[in-house]
Amino acid sequence: MRPWTLGAEASRLANARRLRFAIVLILLAVLAWVLFSVLEREVRRVEEQSVALVLSQLRSALVVKGAEVMLGGNDSLADYQGINPVALVTQHWRHYQGRCQGGGPDSGDWCFWARERTDSRARETGWLIYNPRQPITIDGWAEASGALRAWSVTTDFVDHNGNGRREREERLTGLRLAPAPLPGALANVPEGNR
């Protein structure tokens, strides 16, 4: 073999190795991108299911409480509007912070924003607040990460005329957890300060 042929052969082998290395890097980058996309989608799905489970537990507890109130006869369902529904559940999850402090709950957590008391009612009333960790869909509504979402305990009633508002003759039938606008103090807090 001639010496200049060995140099050309070594150069071709080095180029082939570089090409294989580049192809492997590109394939690894594509696989990593696909893996991260799947992980992001699964994390979002898990958070959505977690929120749905919490809301389902709270709604079930409100159905039971509403039945207790109606069968007891001592209280009115209207007295329970705005209560903290978490107090009805014996199992507390670690992402519930109790009463809201400052600008609402941390990312991925829940809290109860209490109203300022203007009367001598024994029950504290307010809103249940959730702060999504990432963009998710809650109760059919797309929520951005850091966009607080509020619910409040309201009463159900028989809507005879179908106008969506309760008249005096329409009786209350239970308690439910309904989406609510954010309390004024939280609606004005910039997302970066939550």
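In what follows, the structure referred to is the one given above.
Residues numbered from 1 in each chain as written. Predicted model: local features only at pLDDT ≥ 70, side-chain atom pairs only at ≥ 80, totals over all residues. Heavy atoms only, no water.

Chemist: Hey, could you go over the overall build of the protein for me, with residue numbers and the actual values?
Modeler: Across its full length, the protein holds two helices and seven strands. The secondary structure elements of the protein, listed N-terminal to C-terminal, are α-β-β-β-β-β-β-β-α. Across the protein, contacts joining residues at least 24 apart in sequence account for 52% of those joining residues at least 6 apart. Roughly 12,700 Å² of accessible area belongs to the protein as shown, and the carbon and sulfur atoms make up 57% of that amount. (Helix = DSSP H or I, 4+ residues; strand = E, 2+ residues; numbered from the N terminus. Contact = heavy atoms within 4.5 Å. Areas by Shrake-Rupley, 256 points an atom, 1.4 Å probe, with all protein chains shown as cover.)

Chemist: Give a description of the layout of surface pockets that names residues and reports values.
Modeler: Roughly 270 Å³ of volume is contained in the largest pocket. In terms of lining, the largest pocket is formed by 16 residues, of which the most central are Glu47, Ser50, His95, Gly108 and Tyr130. When residues in the lining of the largest pocket are grouped by element, the largest group, eight residues, is from helix 1 (residues 3-72). Looking at the lining of the largest pocket, its residues break down into eight nonpolar, six polar and two charged. (1 Å grid on protein atoms, 1.4 Å probe; cavity = no way out; pocket = protein on both sides within 12 Å on 5 of 7 lines; lining within 4 Å. Points joined across faces, edges and corners; volume = space filled by probe spheres on them. Nonpolar A, V, L, I, M, F, W, Y, C, P; charged D, E, K, R; others polar.)

Chemist: Describe the sheet that holds strand 2 (residues 110-114), listing the residues and the values that go with them.
Modeler: Spatial strand order, 1-2-3-6-7: five strands in an open sheet with mixed pairing. Edge positions in the open sheet fall to strand 1 (96-99) and strand 7 (172-180), since each of these has one partner strand only. Averaged over all pairs of adjacent strands, the angle between their axes in this sheet comes to 25°, without regard to strand direction. (Pairing = 2+ DSSP bridges. Axes fitted to C-alpha atoms, helices over the stretch in contact; angles between N-to-C directions.)

Chemist: Account for the state of the cysteines, naming residues and giving values.
Modeler: Within the structure shown, the criterion is met by one disulfide. Note that Cys100 is cross-linked by a disulfide to Cys111, the S-S spacing being 1.8 Å. An S-S torsion of about 85° defines the bridge between Cys100 and Cys111 as right-handed. Placement of the pair is Cys100 in the loop between strand 1 and strand 2 and Cys111 in strand 2, with a sequence separation of 11 residues. Per residue, the accessibility class of Cys100 equals that of Cys111, and both read buried. (Disulfide = S-S within 2.5 Å. Buried < 20%, exposed > 50% of the residue type's maximum accessible area, 1.4 Å probe, protein only.)

Chemist: Hey, could you go over the pattern of salt bridges for me, with residue numbers and the actual values?
Modeler: Using the criterion set out here, one finds six salt bridges in the structure. Notably, a salt bridge pairs Arg44 with Glu40, separated by 3.2 Å at the nearest N-O pair. Within this pair, Arg44 and its partner Glu40 are both found in helix 1, separated by four residues, close to a single helical turn. The exposure class of Glu40 is partly exposed, given its relative accessible area of 44%. Where Arg45 meets Glu42, a salt bridge forms, and the shortest distance between an N and an O atom there is 2.7 Å. With a gap of three residues between them, Arg45 and Glu42 both fall in helix 1, about one helical turn apart. Residue classification places Arg45 among the partly exposed residues on the basis of a relative accessible area of 37%. Looking at Glu42, the relative accessible area reads 31%, which means it is partly exposed. (Salt bridge = Lys/Arg side-chain N within 4 Å of Asp/Glu carboxyl O.)

Chemist: I'd like a rundown of a nonpolar patch on the surface, residues and numbers included.
Modeler: On the surface, Phe21, Val24, Leu25, Leu28 and Leu31 cluster together into a nonpolar patch covering about 500 Å² of accessible area. Within the element layout of this structure, Leu25 appears in helix 1. Its relative accessible area of 44% is what places Leu25 among the partly exposed residues. (Patch = residues over 30% accessible without salt bridge, like charges linked within 9 Å, V, L, I, M, F, W, Y side chains within 5 Å.)

Chemist: Which residues make up the pairing of strand 3 (residues 126-130), and what values do they have?
Modeler: Burial analysis of strand 3 places five of its five residues in the buried class, the great majority of the element. Of the pairings in the sheet, the one linking strand 3 to strand 6 (residues 149-157) comprises three bridges and is antiparallel in character. By the bridge assignment for strand 6, Leu128 is matched with Trp151.

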